[in-house]
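Summary of the model geometry
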Amino acid sequence: MVTKNVENVHFWQVNHKIKNILEVRGITVLSSPKAWQELKWTRKFFEKEPKEGYFVWVRKQIDFPLTTCISIASPKIFQNLTNLLVIEKGIKTRANVLCNATQNQLCGTHKAKGKLILKENSYLEYNHFHKWGKKDLVSPDYEFILKENSHLIYNYKSLFSPKTLNLKTTIYNNKESSSNLNFIISALNSKIELKDTVFLKGKNSRGIIKLRLVGKENSQIRAKTAIFARAPGRGHLDCQGLLIDKGSKISLIPELFCEHKEAQITHEASIGKIDEEALGYLRMRGLTEKEAIDLMVTGFLKT
Amino acid sequence: MNKFLLKIQNLIVKGNEKEILKGINFQMERGEVRAILGPNASGKSTLAHAILGNPKYKIIKGKIFFEGEKITNFPPEKRVDLGITLVWQSPPAIKGVKLSQLLGKISRKKIKIKEGKELLEREINLDFSGGEKKVSELIQVLSLKPKLVILDEIDSGLDIKKVEMVAETIKKELVDKKVSVLIITHWGQILGYLKPDFVNVMINGEIICQEKDYKKVLKTIKKYGYEKCRECPFLAG
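For clarity, every value in this text was computed on a predicted model and none was experimentally measured.

The next subject is the pattern of salt bridges. Charged atoms that come close allow side chains of opposite charge to pair. Residue and element names in this part refer to chain A. This structure, assessed with the given rule, holds 21 salt bridges over all chains. Ionic pairing is found between Asp294 and Lys290, a salt bridge with its closest N-O pair at 2.9 Å. Pair noted here: Asp294 and Lys290 are both in helix H4 (residues 289-302), with a separation of 4 residues, about one helical turn. Since its relative accessible area comes to 60%, Lys290 is described here as exposed. Put simply, Glu47, Lys115 and Glu143 are held in one network by salt bridges that share partners.

Pasting the structure below:
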């Protein structure tokens, strides 16, 4: 996990304080306000002057993953972040991004607006981990702009859910680009709103959204996913929910908008409950009911 | 030490609101190999699942004892802790969970795996062939360090060679090590390999006879069919 060795984290912020910026050859790392001041070209991406957050610019090929860590460590902190990540042409890289609360009852708010630009022929594997406390309010809004022949794999994982999570993700796929989104969310007494949208803007662009959602202990999950095909591209939505108890609710709303006759977009969605036969089977292998359910949930999230 | 490993008294069990077991009396000693023969839907699998405590089946009346301890109301996992295990006839698939992962959680002892190594990194029972399921089941059960293994139709859906292979493993890993084995089967092919000490016949939720000579029972069933078992002159009494 990213926090195990914070010295190697390229951008590390706790509450509102930047604890560390590690700039190495090939990448520029600045706070977003500083980038706004010093690199005028970033302003068109920030839209308005940022208050806090990071700017990472991958200029040259690097052979290590980018890492960022933004934490809430004190009660009632309100973070309002604006992040910008720019991957230059032809660069292939991986980013491990952690946002978390260091304790369970901090009642923090984490608001983040992010823009990620993948320039022509670039590749990004973006691993985004959330680990929040039970009373936190979290609302990230990320936009990915994929230039020609760029490729994105976006893995989002939230196994320690906040009180509320409003997660909005928008992908713009240009010509020959591809995006592959894998979202794993386990909600425990949480209210979760997801809105994922992929725009297939360019010829032969491809987009896949895969959601695996688990609702436990009075959780409410609402996931709205959409693909807009505006060019001859291909897209697929794969949304699956698993309800663990009677008090939880999941609603999946997959939408397909085809605006080009040669585009091909499809979806599949299902919501199920724990398979009683499989539960009995695992208990008859010596696992307690809770252990068996946990194992089945782990398995479900991997499918 | 209690003489009986497993003792069942007047067990009445319902499944889906229907009475399936209608007063079973049954016992097994330590190290014993026993078979229950019976036609389809006679209640054999229900008995196996009731012994393991599958919540799908409701015990209406009767008692189950294991090593002298009353386990009638124990949850399945506690029964496994005591050493009771079941090889399922049709085990369900557990999506996303590899066999090795499950073994890592349940194993009570290290086992040497000769057959089925290739199954370890596959999702449990997902797209397994009939033979692969049986091998996977045996691997799991052996890792539980059992005192009693119930084999539910272990020989169904297997070709002769696979039956031989499975029987050889059971003999080497269980029978020869004095682990008690209860074989549930409707066609009895595996009995020739495992040579049970006793055979019971179960029909319509009742155990109707007990016999030491499994060959005699098989011969009778072959000749008269299960329907005639109740009137069978060799088995009666």
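With that settled, the discussion passes to helix H3 (residues 99-106) of chain B. What H3(B) keeps buried is the set B:Leu99, B:Leu102, B:Leu103 and B:Ile106. Angular distribution of buried residues about the axis of H3(B) spans 100 degrees; they occupy a single face of the element. Across H3(B) from its buried face, at more than 90 degrees, point the exposed residues B:Gly104 and B:Lys105. Buried positions along H3(B) lie against helix H3 (276-283) and H4 of chain A together with strand S7 (94-98), strand S8 (123-124) and helix H4 (130-143) of chain B.

Right, let's get into the nonpolar core. The biggest cluster of nonpolar side chains holds 93 residues, and the ones touching the most others in it are B:Leu151, B:Ile170 and B:Ile190. With 57 residues, the next largest nonpolar core counts A:Val58, A:Val97, A:Leu118 and A:Val138 among its residues.

Glancing now at the interface of chain A and chain B. Between chain A and chain B, the residue contacts involve 19 residues of the former and 29 residues of the latter. When residues of chain A are sorted by the area they lose upon contact with chain B, A:Tyr281, A:Met284 and A:Arg285 head the list and together hold 42% of the total. Here chain A is connected to chain B by 2 salt bridges. Of the charged contacts, one joins A:Arg285 and B:Glu137 as a salt bridge, the two residues approaching to 2.5 Å between their closest N and O atoms. Inspection of the chain A/chain B interface yields 7 residue pairs in polar contact (both at pLDDT 80 or more). Sorting the residues of the side of chain A that touches chain B by element identifies H3 and H4 of chain A as the ones contributing at least two each. The element that contributes the greatest number of residues to the side of chain A that touches chain B is H4(A), accounting for 7 residues. For the side of chain A that touches chain B, the residue count by class is 8 nonpolar, 6 polar and 5 charged.

For the rest of this paragraph, the subject is a negative patch on the surface. A surface patch of negative charge is lined by A:Asp275, A:Glu276, A:Glu277 and A:Glu289. A relative accessible area of 40% means that A:Glu277 is categorised as partly exposed.

For A:Glu47, which is not a glycine, the phi torsion comes out positive at approximately 70 degrees. Within the secondary structure, A:Glu47 sits in the loop between helix H2 (43-46) and strand S4 (54-58). One non-glycine residue, B:Lys145, lies in the positive phi region at around 55 degrees. A relative accessible area of 54% means that B:Lys145 is categorised as exposed.

On to the layout of surface pockets. Size it by volume and the largest pocket reaches roughly 590 Å³. Those elements that place two or more of their residues in the lining of the largest pocket are H3 of chain A together with strand S2 (18-29) and helix H1 (44-52) of chain B. Take the lining of the largest pocket: its biggest share by element is 5 residues, from H3(A). Here the residues of the lining of the largest pocket are counted per class, giving 7 nonpolar, 12 polar and 11 charged. Looking at the second largest pocket, its volume works out to about 480 Å³. Residue lining of the second largest pocket: 18 residues in total, with B:Lys112, B:Lys114, B:Glu115, B:Thr169 and B:Glu173 positioned closest to the centre.

This part covers empty space enclosed by the protein. All names here are of chain A. A complete count under the given rule lists 2 cavities of 30 Å³ or more for this structure. Each pocket or cavity is described by its volume, and for the largest cavity that value is around 50 Å³. Looking at the lining of the largest cavity, the elements with two or more residues in it are S4, strand S5 (66-72) and strand S7 (92-101). The residue makeup of the lining of the largest cavity, split by class, is 7 nonpolar, 2 polar and no charged. Roughly 30 Å³ of volume is contained in the second largest cavity. Along the walls of the second largest cavity sit Tyr54, Asn83, Leu84, Leu85, Gly114, Lys115, Leu116, Tyr126 and Tyr142, which together make up its complete lining. Broken down by secondary-structure element, the contributors of at least two residues to the lining of the second largest cavity are strand S6 (78-87) and strand S8 (109-118). Among the residues making up the lining of the second largest cavity, the classes are represented as 6 nonpolar, 2 polar and 1 charged.

Residues and elements named next belong to chain A. For strand S10 (residues 137-146), the buried fraction is high: 8 of the 10 residues fall into the buried class. Bridge count between S8 and S10: 10 bridges; the pairing is parallel. In the strand pairing of S10, Leu116 is matched with Phe144. For S10 and strand S12 (residues 164-173), the ladder comprises 8 bridges, and the chain directions are parallel.

Residue and element names in this part refer to chain A. If you walk across this open sheet you meet the 10 strands as S2-S1-S5-S7-S9-S11-S13-S15-S17-S19, and the pairing is mixed. The sheet is open, and its two borders are formed by strand S2 (17-21) and strand S19 (264-273), each paired with just one other strand. Between one strand axis and the next, the sheet turns by 10 degrees as a mean value, whatever way the strands run. Note: strand S11 (residues 151-160) against strand S13 (residues 178-188), 8 bridges, orientation parallel. Among the inter-strand pairings, His151 is bridged to a residue of S13, identified as Ser178. H4 rests against S11, S13, strand S15 (206-216) and strand S17 (234-243) of the sheet, and its axis sits at about 170 degrees to S15.

Okay, the side chain of B:Ser42 next. All names here are of chain B. Structurally, Ser42 can be placed in the loop between strand S3 (33-37) and H1. Only 2.8 Å separates the side chain of Ser42 from the backbone oxygen of Pro39, close enough to count as a polar contact. Apart from residues no more than four positions distant in its own chain, Ser42 is found in contact with Met202, Ile203, Asn204 and Gly205.

So, how was this worked out
- Residues numbered from 1 in each chain as written.
- Chains lettered and ligands numbered in written order.
- Predicted model: local features only at pLDDT ≥ 70, side-chain atom pairs only at ≥ 80, totals over all residues.
- Heavy atoms only, no water.
- Salt bridge = Lys/Arg side-chain N within 4 Å of Asp/Glu carboxyl O.
- Helix = DSSP H or I, 4+ residues; strand = E, 2+ residues; numbered from the N terminus.
- Buried < 20%, exposed > 50% of the residue type's maximum accessible area, 1.4 Å probe, protein only.
- Arc of directions from axis to C-beta.
- Contact = heavy atoms within 4.5 Å.
- Core = buried A, V, L, I, M, F, W, Y, C linked by side-chain atoms within 4.5 Å.
- Buried area = accessible area lost by both parts, 1.4 Å probe.
- Polar contact = N/O pair within 3.5 Å; in protein donor to acceptor, adjacent residues only side chain to side chain.
- Nonpolar A, V, L, I, M, F, W, Y, C, P; charged D, E, K, R; others polar.
- Patch = residues over 30% accessible without salt bridge, like charges linked within 9 Å, V, L, I, M, F, W, Y side chains within 5 Å.
- Areas by Shrake-Rupley, 256 points an atom, 1.4 Å probe, with all protein chains shown as cover.
- Lys, Arg positive; Asp, Glu negative; His and termini not counted.
- Charge placed at Lys NZ, Arg CZ, Asp CG, Glu CD.
- 1 Å grid on protein atoms, 1.4 Å probe; cavity = no way out; pocket = protein on both sides within 12 Å on 5 of 7 lines; lining within 4 Å.
- Points joined across faces, edges and corners; volume = space filled by probe spheres on them.
- Pairing = 2+ DSSP bridges.
- Axes fitted to C-alpha atoms, helices over the stretch in contact; angles between N-to-C directions.

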